[in-house]
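Report on the structure
If you want the building blocks of each chain, they are given just below.
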Amino acid sequence: MSQARNDRNHAGEHSPTRLSRLGHRVANPLAPLLPFLPVLIVFVVVLVDLVGGAGMIWLPLLAAGPALAATTNGPRGVVCVGVLAAALGVTLGTRDGAPGREVAAVLAALVAVTLASALAGALRTRRERVLAAVRSVAEAAQHALLRPVPATVGPFEVAVRYSAAAAEARIGGDLYALVPTPYGVRLIVGDVRGKGLPAVGTAALVLGVFREAAYDEPDLLAVVDRIERSLARNLGADDFVTAVVAGHPRPGELEVVNCGHAPPLLIGASGTVTAMEATHPAPPLGLRALTDQTPSLQVLPFADGDQLLLYTDGVIEARDRDRAFYPLVEGLARHLSDEPARTLDAIHDELLTHVGGRLHDDAALLLIRKPATTGPGVPGSAVPGQAVPQQAFSG
């Protein structure tokens, strides 16, 4: 069962591209019929002319066919619709006994609209090709930065849901990663100040340093220090990253370092949800030089059946039309299950419903669960000091 869920995740459960295509098909069930709409309009105009017997009054409306074809077809399709409209227009004009000058005027108008629409269709097709290329680059960047996470990592069952606020974006300023190391599974969830490409660049920097340091440093605080030093060298004076870095060095415990981020939610096996506030608050990453506060290590009990939810402020600051925040703790309690993927699916759907379908900030959710038992052959946590190959499924 665990392997089946793992395969399902690798098959694209967390792929934004796959989800966006699926959503497009659901939202536009009539999309395959759109290329035939211009032809339908041409025949409707013809039918109105035949039934009404109004002569030349309706024939200029035939130009709507090739004009609309420019939005749904390529240049060839536009020309075909234009030729059809012109042929029918001449036939109906001759049938109605219209003067040759008026028929010629309608024909000239149809030719002009068809040529202009064909040009517009060609430009639209070219822009779509460019956009497809840009999207493929964005998808490659998404896979490089926020790699798909399998359903099981070490001793944990894992699920991730990520939504970028920018229209058509695959990635944003929120970040997550989860890596198995010689010192146990380690993970990070963070939120970069700002949006757009600068935020993506900072997220890439944090993830690169984290993946390297998490595998090299025995001490979790040393991992955080490595990230801090790198950001201090590369960020501007007003830039920073809030983050929670966690590790599982030994059975029954989690180590957590909170750097100005929203508190993780610890879910007990009984279903109780507790916000794990930092015992010694620390500044966000990149701002340590401005304060005398330093991060501290917080050790949490993490028994079989427990779960831990890490998230970014795009989740808890999402507002509905009445400006009410999304109640994450209550939502988690409502939708909690023994399958992290099912839990996050329900929370993510409820979050989108809460905001009316579109988030205004990047939002990331990462949920880990310690199953009740691990039998023979099921991977457990790494033993400190034991070399573990670094695998390519970190986020």
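Next up on the list: the sheet that holds strand 2 (residues 156-163). On the basis of which strands lie adjacent, the open sheet formed by six strands has the order 1-2-11-10-7-8 and antiparallel pairing. Of all strands in the sheet, those with a lone pairing partner are strand 1 (152-153) and strand 8 (273-275), marking the two edges. Where strand 7 (residues 265-267) meets strand 10 (residues 307-311), three bridges bridge the pair, whose relative direction is antiparallel. Residue pairing across strands places Leu 266 opposite Leu 308, the latter belonging to strand 10. Packed onto the sheet, helix 10 (residues 328-335) meets strand 7, strand 8 and strand 10 and runs at close to 25° relative to strand 7. Sheet contacts for helix 11 (residues 340-355): strand 2, strand 10 and strand 11 (363-369); angle to strand 2, the most-contacted strand, approximately 20°.

This next bit is on unusual backbone geometry. The phi dihedral of Arg 323 falls on the positive side, at around 70°, and the residue is not glycine. Tracing the chain through its elements places Arg 323 in the loop between helix 9 (313-316) and helix 10. What makes Arg 323 exposed here is its relative accessible area of 56%.

For the rest of this paragraph, the subject is the pattern of salt bridges. One pass over the full model with this rule turns up 13 salt bridges. Here Arg 161 makes a salt bridge to Asp 345, at a shortest N to O gap of 2.7 Å. Of this pair, Arg 161 sits in strand 2 while Asp 345 sits in helix 11; the two residues are 184 residues apart in sequence, bridging distant segments of the chain. With a relative accessible area of 33%, Asp 345 lands in the partly exposed category. Asp 225 is the partner of Arg 288 in a salt bridge, and the nearest nitrogen-oxygen pair spans 2.9 Å. Placement of the pair is Arg 288 in the loop between strand 8 and strand 9 (298-302) and Asp 225 in helix 8 (residues 220-234), with a sequence separation of 63 residues. Each of Glu 157, Asp 338 and Arg 369 takes part in one network of salt bridges that share partners.

Thresholds applied
- Residues numbered from 1 in each chain as written.
- Predicted model: local features only at pLDDT ≥ 70, side-chain atom pairs only at ≥ 80, totals over all residues.
- Heavy atoms only, no water.
- Pairing = 2+ DSSP bridges.
- Helix = DSSP H or I, 4+ residues; strand = E, 2+ residues; numbered from the N terminus.
- Contact = heavy atoms within 4.5 Å.
- Axes fitted to C-alpha atoms, helices over the stretch in contact; angles between N-to-C directions.
- Buried < 20%, exposed > 50% of the residue type's maximum accessible area, 1.4 Å probe, protein only.
- Salt bridge = Lys/Arg side-chain N within 4 Å of Asp/Glu carboxyl O.

By themselves, these observations are geometric and do not establish any function.
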